[in-house]
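Report on the structure
Listed below, chain by chain, are the residues.
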There are 2 protein chains.
Amino acid sequence: MTLSLPPQATQVGLAVDVAAFAIHEGCLHALLIERATLPHLQTWALPGGFVHVGEELHEAALRELRDETSIELEPRHLEQFYTFGAIGRDPRGRIVSVAHLAVLPHGTVHVMGGATTLHADWFPAHAPPPLAFDHAVILGRAIKRLQLRLEYANLALEFLPETFTLPELQGVHEAILDKALDKRNFRKRLLAQGILTPSGERRSGVGRPAQLYRRAKGARTGLL
Amino acid sequence: MTLSLPPQATQVGLAVDVAAFAIHEGCLHALLIERATLPHLQTWALPGGFVHVGEELHEAALRELRDETSIELEPRHLEQFYTFGAIGRDPRGRIVSVAHLAVLPHGTVHVMGGATTLHADWFPAHAPPPLAFDHAVILGRAIKRLQLRLEYANLALEFLPETFTLPELQGVHEAILDKALDKRNFRKRLLAQGILTPSGERRSGVGRPAQLYRRAKGARTGLL
DNA sequence: GCAAAAGTGTTATTAATACACCCATGG
DNA sequence: CCATGGGTGTATTAATAACACTTTTGC
């Protein structure tokens, strides 16, 4: 059933873009693709593209992420965070992009170009290469939202495997905030929240073995 | 210049909706309109409508607010806060709405229907009438965002005239948070922020006159 | 002088910060 | 035994929350 739309209603291109993050070697990385099409051919950009007919916004974000980067794992967190619709942002015409923030778990490394991309790769999120369209702005806002979510939700857990050590968790926080934290205060704060439960023990290659933790079963998920 | 769009790109209706707030009689009110068109004829809804060709999102929000409610004053704060794009949300087809939060200053009272509306009126924001589409959800999220902005920005000032008393400012906070606050703690906190400067004095009809304040000139605006 | 609203301080509790040493393991 | 990274406690400061009486005005 389709009722009529008013005459002056704008038909616009509806797109999604995805700022997908992961931690690699203790550093926050963003997943970027090198464009295989005009405009901005051979420029790095956020994964993204047009929403299909009958497709929800978050489905489109997941599909673009999968198809353009060939990653194998699903994001552990996906959240819309702002909609970019300024008139001149895309030379092809009026294209409105609903920007999403995605968190990929530890171990998500293999990415390669998809059908519509030349390459896909990880870049330091705090120092990305030049980006197409307004994607540098989008990425900057995604990082800010991610930092906010560290306080409100426990989004850092989504970057890690099911069990993890406190130094690992602290490393995630530090990578996202881009600054060092005090070890004792960090542990105090996190343990006081009651969202972690200890499990077994494990050795890292060198030094004293660290206690392993997992998410406490009562703890809410990172999704807000 | 217009490059070609990919074939499967969805053309969707792009709309804006506006949750506009003001304080009346110490209570947070939202501005609603009664629809004069199908669907949801004669149902109350948020002001909103389709974005025009060549019109920025925030311009569309301001225009719809003006045209549908005939208010005379400009909002003191306008902020996009979420985009609603679920497939079934509008029976006319795929319509994506970029929802905005607006703050109207004190004294904004005269509203009446516009061309595409039967009536416009203020309703208690915490207890609205049944609303069209998914507007009840949108309004709820707008209120939550407004409460957040009380802490981060000093958005409460946007509800008041240029000069105001501390009890008035406290009343704004209480109306938005929907709970009572301690007078002394509130004053201590607000004055410690250093965003207020005293000016003259004034009498209310009854009781001891209250000190008038204005925004300190160094204080950042409510816009984030 | 009384009703009505504005104004004012102190204490207790909790959260945030700064800071330095010992411990467990592998080689 | 030594290098490496994990783990722990305390003191200070800042922020938050609870709480009741006095002051100024209009009538």
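Structure first, text after, so check above.
Here we summarise the structure given alongside this text. (Residues numbered from 1 in each chain as written. Chains lettered and ligands numbered in written order. Predicted model: local features only at pLDDT ≥ 70, side-chain atom pairs only at ≥ 80, totals over all residues. Heavy atoms only, no water.)

The next subject is the overall build of chain A. For chain A, the helix and strand inventory stands at four helices and 10 strands. Each helix and strand of chain A, placed in order from N terminus to C terminus, yields the pattern β-β-β-β-α-β-β-β-α-β-α-α-β-β. Each principal axis of the C-alpha atoms in chain A carries an extent, and together these give about 65 × 40 × 30 Å. Here chain A holds 224 residues, and the buried ones make up 51% of them. Pairs at least 24 residues apart make up 65% of the contacts formed inside chain A by residues separated by at least 6 positions. The positive charge centre, built from 24 side chains, and the negative charge centre, built from 23, are 9 Å apart in chain A. (Helix = DSSP H or I, 4+ residues; strand = E, 2+ residues; numbered from the N terminus. Buried < 20%, exposed > 50% of the residue type's maximum accessible area, 1.4 Å probe, protein only. Contact = heavy atoms within 4.5 Å. Lys, Arg positive; Asp, Glu negative; His and termini not counted. Charge placed at Lys NZ, Arg CZ, Asp CG, Glu CD.)

Around DNA strand D, 20 residues are found, and the nearest of them are Lys183, Gly207, Arg208 and Gln211 of chain A together with Arg208 of chain B. Take the atoms of DNA strand D that sit within 4 Å of the protein: sugar and phosphate atoms are 40% of them. At 2.8 Å from a base nitrogen of DNA strand D is found a side-chain nitrogen or oxygen belonging to Lys183 of chain A. Contact distances for DNA strand D include 3.4 Å between a base oxygen and a backbone N or O atom of Gly207 of chain A. Those elements that place two or more of their residues in the surface near DNA strand D are helix H4 (183-193) and strand S10 (210-215) of chain A together with helix H4 (183-193) of chain B. A total of four residues in the surface near DNA strand D trace back to one element, the largest contributor, which is H4 of chain A. In terms of residue class, the surface near DNA strand D is built from five nonpolar, five polar and 10 charged. (Near = heavy atom within 4 Å. Polar contact = N/O pair within 3.5 Å; in protein donor to acceptor, adjacent residues only side chain to side chain. Nonpolar A, V, L, I, M, F, W, Y, C, P; charged D, E, K, R; others polar.)

Moving on, we come to the sheet that holds S10 of chain A. Residues and elements named next belong to chain A. Taken in spatial order, the three strands line up as S8-S10-S9 in an open sheet, and their pairing is antiparallel. Each end of this open sheet is capped by a strand with a single partner; those strands are strand S8 (163-165) and strand S9 (196-202). Strand-to-strand twist across the sheet, computed as the mean angle between neighbouring axes with direction ignored, equals 40°. Sitting on the sheet, helix H3 (residues 166-177) is in contact with S8, S9 and S10, with an inclination near 85° to S8. (Pairing = 2+ DSSP bridges. Axes fitted to C-alpha atoms, helices over the stretch in contact; angles between N-to-C directions.)

Once that is clear, we can look at the environment of Asp182 of chain A. Residue and element names in this part refer to chain A. Locating Asp182 in the fold gives a position in the loop between H3 and H4. Judged by relative accessible area, which is 35%, Asp182 ranks as partly exposed. In the structure, Asp182 is positioned 72 residues away from His110 in sequence and 33 Å away in space, judged by C-alpha atoms. Looking at Asp182, its side chain comes within polar contact range of the main-chain nitrogen of Arg184, at 3.1 Å. Only 2.9 Å separates the side chain of Asp182 from the backbone nitrogen of Asn185, close enough to count as a polar contact.

Take empty space enclosed by the protein next. One pass over the full model with this rule turns up two cavities of 30 Å³ or more. One number sums up the size of the largest cavity: a volume of about 40 Å³. Along its surface, the largest cavity is lined by Leu62, Leu65, Arg66, Ile71, Leu73, Glu74 and Pro75 of chain A. In the lining of the largest cavity, the residues fall into five nonpolar, no polar and two charged. Of the volumes computed, that of the second largest cavity is approximately 30 Å³. Around the second largest cavity sit Leu62, Leu65, Arg66, Ile71, Leu73, Glu74 and Pro75 of chain B, which together line it. Across the lining of the second largest cavity, the residue classes tally to five nonpolar, no polar and two charged. (1 Å grid on protein atoms, 1.4 Å probe; cavity = no way out; pocket = protein on both sides within 12 Å on 5 of 7 lines; lining within 4 Å. Points joined across faces, edges and corners; volume = space filled by probe spheres on them.)

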